[in-house]
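Topology and contacts: notes
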Amino acid sequence: MALVGPDPLLNSKPWRVMLEDLRDERAAGVRFPPGETRVSLARTRRFANDPLPMLLEAYERYGPIFTLRIFHSNVVFMLGPAANHYMTVSHASNFVWRESHFRDLIGLMGDGLLTIDGDFHRRSRRIMLPAFHRERIVAAAETVTAEVERALERLRPGARLDLYAWTRQLAVRVAMRALFGVDPDGEAARAIDAAALFERALSFYASEYVLRVLRGRYSPWASMQRAARTLDGLIYAEISRRRATGERGEDILSLLLDASDEDGNTLSDLQIRDEVMTLLFAGHDTTTSTVSFMFYELARNPHVTERLLAEQDELLVDGRPTAQQLAAGELRQLEMVLEETLRKYPPAWIGPRRALESFEFEGHTVPARAFVNYCSWASHHLRDVFAEPERFLPERFAPEAAARLPKGAYVPFGGGSRTCIGMRFGQLEVRAIATMILSRATLELPRDFELAIRQMPTISPKHGLPVIVRPRAARSARAARAPATAATAPTAHPRPTPAAI
Ligand code: HEM
């Protein structure tokens, strides 16, 4: 298996790409599955702004496979447990990512793990896997908690802040240090605001579809490219520093620098840049959304927060989680809250693909070259699979209840050979951030806050997550307020008082 990447895509010529799509569609020898296939800007805009209700309505009307024309092309959606399993596991080899409906992401990521297919994907994944082994994740826990500790200094009682922006800054620092061994306080990193640059680059994917095909100087594309080039400066500087010094660690950058195939080919600087950019993006954006959605739900469900605090009283020493607790998800109540957060708000909400060959699913034929998406967000909201899907009910993930879920029902990390490579790392990071915030503070939402969700391209709170920081209530005060939930095991190690925030 060679380390030779795919040919470049025609990102600079979007109109030509669209024409090719239309040509492919016209050449399809079979009809698309039922749905709404007339051109409609209103539908395209609704899909960009509020896709979930639209997909659920289509599911009610047409069943688990249907077609919607989004912008210029037909897109097939496959929803539900059987569809998710079909696309990610049993028939995954009939689908490619690179030519999917989300191929614009290549404009930022390049040819990193997320957007490549076939042998090059398998080979690249194999090179990087050692960095995600369990022992490496446990070893990263210390870096993660040190960064969280540092960020918590800004969570002073009475402070108001945007938890989404706070988490993005934290998660970018964590990704730099833990994944790439780059010092976020070093000269090159300090010269730029990487979190803000990612925010700017990613806003391309929140812009209107019609604007995304523009390539002029003031277009969203040009703005994304400018942000990406500034981030590139940091990545290339670290690549050349490592090449020049020969410095290696146990990070992913070291694995990529030393990788070679049977013919002695090594990865070029551009290929390494693409992997690093992909992991920096995927490694911070999803965790940022997850933390934000989790604290949104906790603020609205104080009885759930209460269970988490009782669990902390029981299991944490001095309010700090151990590496083992974080890596293994030993705080069971927190685990259920995390799983329910990822059910209701799976950040990587869509699995975009293109079919290589024509195929049949549930009695419908899908032509070769069709855009086909699975969708965890909609699949996690199907009433026939998750009762009362709009409610935040962590008890759905109590072990006996979770064991009853059908195969493919719950796919926040995708599945099969493209299952999220950073799953363990992401889980550990969210657990660490959540545990350490909860052990110091209670976060309240402003009274008038209403959640709106955007896709950029992962889902996140559209207007950030404004919170007001309150000291964590002492155990005795909580017990007086909520005697029913205070009946947990006694605290083995009393925590410091709220002044420790
Ligand atoms: C809560 C956190 C996370 C969630 C919910 C999540 C979700 C996902 C999902 C659903 C996919 C599959 C997408 C598809 O089928 O098209 C995926 C793939 C991927 N994720 Fe994550 N992710 C998370 C954290 C991370 C982290 C921390 C990293 C890196 C350190 C990461 C790196 C990747 C990469 C590189 C892929 C592509 C894998 C491949 O195609 O082989 N993710 N992620």
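Residues numbered from 1 in each chain as written. Predicted model: local features only at pLDDT ≥ 70, side-chain atom pairs only at ≥ 80, totals over all residues. Heavy atoms only, no water.

Structural notes on the nonpolar core
Ranked by internal contacts, the top residues of the largest apolar core, which has 133 residues, are W166 and F295. Among the elements that take part in this core, helix 14 (residues 269-300) stands out by supplying 12 residues, more than any other. In this structure, W166 is in contact with A151, L152, R154, L155, L161, I433 and I437, ignoring residues within four places of it in sequence. Among the nonpolar cores identified, the runner-up in size contains 16 residues, and V76, F95, A355 and F361 belong to it. (Core = buried A, V, L, I, M, F, W, Y, C linked by side-chain atoms within 4.5 Å. Buried < 20%, exposed > 50% of the residue type's maximum accessible area, 1.4 Å probe, protein only. Helix = DSSP H or I, 4+ residues; strand = E, 2+ residues; numbered from the N terminus. Contact = heavy atoms within 4.5 Å.)

Comments concerning the confidence of the model for the protein
Confidence in the prediction for the protein averages 91 pLDDT; 94% of positions are at 70 or higher. Low pLDDT, under 50, characterises residues 483-501; the predicted model gives this stretch 31 contacts beyond four residues in sequence or across chains. (pLDDT = per-residue confidence, 0-100.)

Quick look at the packing of aromatic side chains
This model, assessed by the stated rule, comprises 15 aromatic pairs. Here F47 and F77 contribute two aromatic rings whose centre-to-centre distance is 5.7 Å and whose plane-to-plane angle is 55°, an arrangement assigned as tilted. Taken together, the residues F47 in helix 2 (residues 41-49) and F77 in strand 3 (residues 73-78) connect sequence positions 30 residues apart. As far as burial versus exposure is concerned, F47 and F77 are alike and both buried. Here F47 and W349 contribute two aromatic rings whose centre-to-centre distance is 6.0 Å and whose plane-to-plane angle is 45°, an arrangement assigned as tilted. (Phe/Tyr/Trp six-rings, centres within 6.5 Å; stacked < 30°, edge-to-face > 60°.)

Looking at the site of the ligand
In the region of the ligand, 27 residues are neighbours, and H121, R125, R353, Y374 and C420 sit closest. Y374 is positioned such that a nitrogen or oxygen atom in its side chain is 2.6 Å from an oxygen atom of the ligand. Secondary structure elements with two or more residues in the shell around the ligand: helix 6 (118-128), helix 14, strand 6 (350-355) and helix 20 (423-440). Considering every element that reaches the shell around the ligand, the biggest residue donor is helix 14, with five residues. Of the residues that constitute the shell around the ligand, the class distribution is 16 nonpolar, eight polar and three charged. (Near = heavy atom within 4 Å. Polar contact = N/O pair within 3.5 Å; in protein donor to acceptor, adjacent residues only side chain to side chain. Nonpolar A, V, L, I, M, F, W, Y, C, P; charged D, E, K, R; others polar.)

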